[in-house]
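Given next are the chains, with one letter for each unit.
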Amino acid sequence: MTATHRRPQQRWLDAAARRAAARAAFYARADHLVQADLARLDRLLMVQSRYHFARTMPDNPHSYTLRRQWLWPGGDDDFCWVVATMRIIADREKFPPGPGGRFYEILHRAGPTGDILKYWPMGWYGNGGPITLTNGKFGIFLINRKPVLSEDE
C-alpha cells in the first residue's frame, strides 16, 4: 500500500452499503413511479432552473443555479427534493483526481439536446452537508451543471 492510498475504513464501507441500498430501493419501486420521479428531476433541473456561468472558475467551466432563485410555488421544497434525490441516485466521483481531490455526488443526465450533463450540489459543508441547517439557513445553496465533454472529464 502506497502513501497516497489509505486502507478503507469500516465507516466508509458502511456508508457505501447504505448508498447502494438506497439506490436499489429507489429503482426497485414500480416503474411508473421511478419514471415519474426521473421526469420531475429532469424538468426541475433542465427546464425550470435558471443557470449562470461560473465566471470565477475558468479552469473548471460550469454553470450553477442558486436555491434562492427557485421562486416558483414550492421552489424550495423542489430544491430540497432534487438534492435528496441526487444523493440517492448519483454516483460518487473524486474531483480533482488525485490525493487532493474531494468526493462529490455527481448525477449524469441526458440533456434536451441529447448531450450528457453532470450535476452536483454544493453548500457550506461541501456537498455532503445538511440540505437545511438547524437555524433555518441553507446548508446546500446551489446546484452546479457541466457538460460531459470526454471520458476523463
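What you see is a predicted model, and the numbers here were worked out from it, not measured in a lab.

Trainee: Kindly report on helix α2 (residues 31–47), identifying the contributing residues and their values.
Mentor: If you check α2, its first and last C-alpha atoms are 23 Å apart, about what 17 residues at 1.5 Å a residue would give, namely 24 Å. Every buried residue of α2 is accounted for by Val34, Asp37, Leu38, Leu41, Leu44, Leu45 and Met46. Elements that come into contact with the buried residues of α2 comprise α1 (10–28), α3 (75–89), β4 (102–110), β5 (116–123) and β6 (140–147).

Trainee: Please provide a residue-by-residue account of the packing of aromatic side chains, values included.
Mentor: What the rule picks out here adds up to 4 aromatic pairs. When the centroid spacing of 5.1 Å and the interplanar angle of 85° are considered together, the rings of phenylalanine 26 and tyrosine 27 count as edge-to-face. According to the relative accessible area criterion, phenylalanine 26 is buried, its value standing at 8%. A residue is classified by how much of its surface remains accessible, and tyrosine 27, at 41% relative accessible area, is partly exposed. Taking the centre distance of 5.0 Å and the plane angle of 35° together, the rings of tryptophan 70 and tryptophan 72 count as tilted.

Trainee: Which residues make up the pairing of β5, and what values do they have?
Mentor: Taking burial as the measure, the 8 residues of β5 include 7 buried ones, the bulk of the element. Of the pairings in the sheet, the one linking β4 to β5 comprises 4 bridges and is antiparallel in character. Following the sheet pairing, leucine 107 is matched in β5 by tyrosine 119. Linking two consecutive strands that pair antiparallel, namely β4 and β5, is a turn of 5 residues; a positive phi of about 95° is found at glycine 114 within it. Both β5 and β6 contribute to a ladder of 7 bridges, which runs antiparallel. Within β6, the position partnered with tyrosine 119 by the bridge is arginine 145.

Rules of the game
- Residues numbered from 1 in each chain as written.
- Predicted model: local features only at pLDDT ≥ 70, side-chain atom pairs only at ≥ 80, totals over all residues.
- Heavy atoms only, no water.
- Helix = DSSP H or I, 4+ residues; strand = E, 2+ residues; numbered from the N terminus.
- Expected span 1.5 Å × (residues − 1).
- Buried < 20%, exposed > 50% of the residue type's maximum accessible area, 1.4 Å probe, protein only.
- Contact = heavy atoms within 4.5 Å.
- Phe/Tyr/Trp six-rings, centres within 6.5 Å; stacked < 30°, edge-to-face > 60°.
- Pairing = 2+ DSSP bridges.

Limitation: the analysis is restricted to geometry and does not speak to function.
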